[in-house]
Amino acid sequence: MAKLVITKLADALGAEVSGADLSKPIPKDELEQIFAAWKAHLVLRFRGTELSDPQLLAVSRYFGEIDPPGPNSYGKPFLEDFPDINVISNIKSGDQHIGGLGDGEAVWHADMTYIDTPPKASFLHALEIPEFGGNTSWGNMCLAYDTLPSHLKQEIKGRKAIHDGTYNSAGMIRKGMKDVTDPREAPGAHHPLVAKHPESGLPTLFLGRRRNSYILGMDLEASNQLLDALWEHAGSPEFTFTQVWQLHDLILWDNRCTLHRRDSFDPKARRLMHRTQIKGSSVIPFE
Ligand code: OGA
Ligand code: MN
C-alpha cells in the first residue's frame, strides 16, 4: 500500500497529499493513489514541494499532454527556455512584466474555456508569495449543479453558452482581441451549460466566466437574468475551498468541473507562480 496520506481541506472539494516526493519519478502505487484522490477531491495540494521547471513539467506530464499557455498580453512566452510553462506574477523586471494577471482580483473562471477543447487540469507552483492577500479559491461545480433549484435546471437543460475569449480573468484584453460590448457578438467557443465529466460521468455546471457570456437562442436580457442567477448560486461559499498560499505549495485542479478566483494583494508585494496546464477534450453535454 502506498504511503501517501490524503487529508480533506474543505467539505466541498480539495485535499492535501502528503508523503510524496514529486522531485523524483513517482512510483506507480503512489500515482494511482494521487489519481484516485484527484478524482474524488478535484483540487489537490502538495506542500513543501520545491520544484525546478523541468520537475514541474515532469509532474504535470503524469496527467497528460502539456497544453502550452494561451497568448499573453505581451506577445511572447514569459520563459524563453520553457515556453510550456506560464508565469503568473505581478513582478516587473525593469519595465517588463515577468508574468500575467497582475496584483488585482481575478474573477471566478475556468481556464481557457473560450476554445473548443479547454485544458483538463492546471497546476500552480508558488515560488514567491505576499505576506497577505492573493488567496485563491476553487468552487465545485458538480455540487453547484446538484444543488441548483429545479426550475433553473429546467431552464438550462440542453442550452449552450458563448464563452468569451476577449478578456482574461484580471479584466485585461487578450492579445489580438477587440473590445466587445454585446455578448451575442463575443468571439469564443459554444459549450453546453451542463456538461458531463468525461471520467466520473457526473453532470457539472459549465459556466466559464461571467463577462460577455450569453445563452444562445435567448433574448439578451433573459440570458443575462438567467446567467446572474446561475452565477449567484455557483459562487456560494459552501461550494468552495480557499487556499492561503505557503511557499512551494503545488496545487493541481480539475478545470472541467471547478471554477477559481483570486483575491487582490499589495501591489508592492511580490507574488510569483509557475504554471502548467494539461490538454483536454471537447466538452460533452450531459443529457
Ligand atoms: C491561473 C489563475 C490564480 C492565482 O493561474 O489560472 O487563475 O492564484 N491563477 O494566481
Ligand atoms: Mn485561472
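Whatever comes next refers back to the structure up there.
Keep in mind the model is a prediction, meaning the values are calculated, not measured.

Conventions and cut-offs
- Residues numbered from 1 in each chain as written.
- Chains lettered and ligands numbered in written order.
- Predicted model: local features only at pLDDT ≥ 70, side-chain atom pairs only at ≥ 80, totals over all residues.
- Heavy atoms only, no water.
- Helix = DSSP H or I, 4+ residues; strand = E, 2+ residues; numbered from the N terminus.
- Rg over C-alpha atoms; globule rule 2.2 N^0.38 Å.
- Buried < 20%, exposed > 50% of the residue type's maximum accessible area, 1.4 Å probe, protein only.
- Areas by Shrake-Rupley, 256 points an atom, 1.4 Å probe, with all protein chains shown as cover.
- Lys, Arg positive; Asp, Glu negative; His and termini not counted.
- Charge placed at Lys NZ, Arg CZ, Asp CG, Glu CD.
- Pairing = 2+ DSSP bridges.
- Contact = heavy atoms within 4.5 Å.
- Axes fitted to C-alpha atoms, helices over the stretch in contact; angles between N-to-C directions.
- Near = heavy atom within 4 Å.
- Polar contact = N/O pair within 3.5 Å; in protein donor to acceptor, adjacent residues only side chain to side chain.

Caption draft 1: Inspection of the overall build of the protein at higher detail. A count of helices and strands for the protein gives five helices and 19 strands. At 18 Å, the protein has a C-alpha radius of gyration in line with the 19 Å of a compact globule built from 287 residues. Considering only C-alpha atoms, the protein reaches an extent of 55 × 50 × 35 Å along its principal axes. By residue count, 52% of the 287 residues in the protein fall in the buried class. Taken as a whole, the protein presents about 13300 Å² of accessible surface, with 52% of it coming from carbon and sulfur. The averaged location of the 37 negative side-chain charges in the protein is 2 Å from the averaged location of its 31 positive side-chain charges.

Caption draft 2: Here's a closer look at the sheet that holds strand β19 (residues 272-278). Judged by pairing direction, the sheet is mixed, and its eight strands sit side by side in the order β1-β2-β3-β17-β9-β19-β4-β7 without closing on themselves. One side of each edge strand has no neighbouring strand; the edge strands of this open sheet are β1 (5-8) and β7 (100-101). Direction of pairing for strand β4 (residues 86-89) relative to β19: antiparallel, over a ladder of four bridges. Residue pairing for β19: Ser-89 is matched across the bridge by Leu-272. Across the sheet, helix α1 (residues 28-41) touches β1, β2 (15-18), β3 (43-46), β9 (121-128) and β17 (250-254), and the angle it forms with β3 is around 130 degrees. The strands touched by helix α2 (residues 53-61) within the sheet are β9, β17 and β19, with β19 carrying the most contacts at an inclination of about 30 degrees.

Caption draft 3: The site of ligand 1, seen in detail. Around ligand 1 sit Ile-88, Leu-101, His-109, Asp-111, Leu-124, Thr-136, Trp-253, His-260, Arg-262, Arg-271 and Arg-275, and that is every residue in its neighbourhood. In the environment of ligand 1, an oxygen atom lies 3.2 Å from a nitrogen or oxygen atom belonging to the side chain of His-109. In the environment of ligand 1, an oxygen atom lies 2.5 Å from a nitrogen or oxygen atom belonging to the side chain of Thr-136. Burial of ligand 1 by the protein chains amounts to 97% of its free accessible area of 290 Å².

Function cannot be inferred from these measures alone, as they are strictly geometric.
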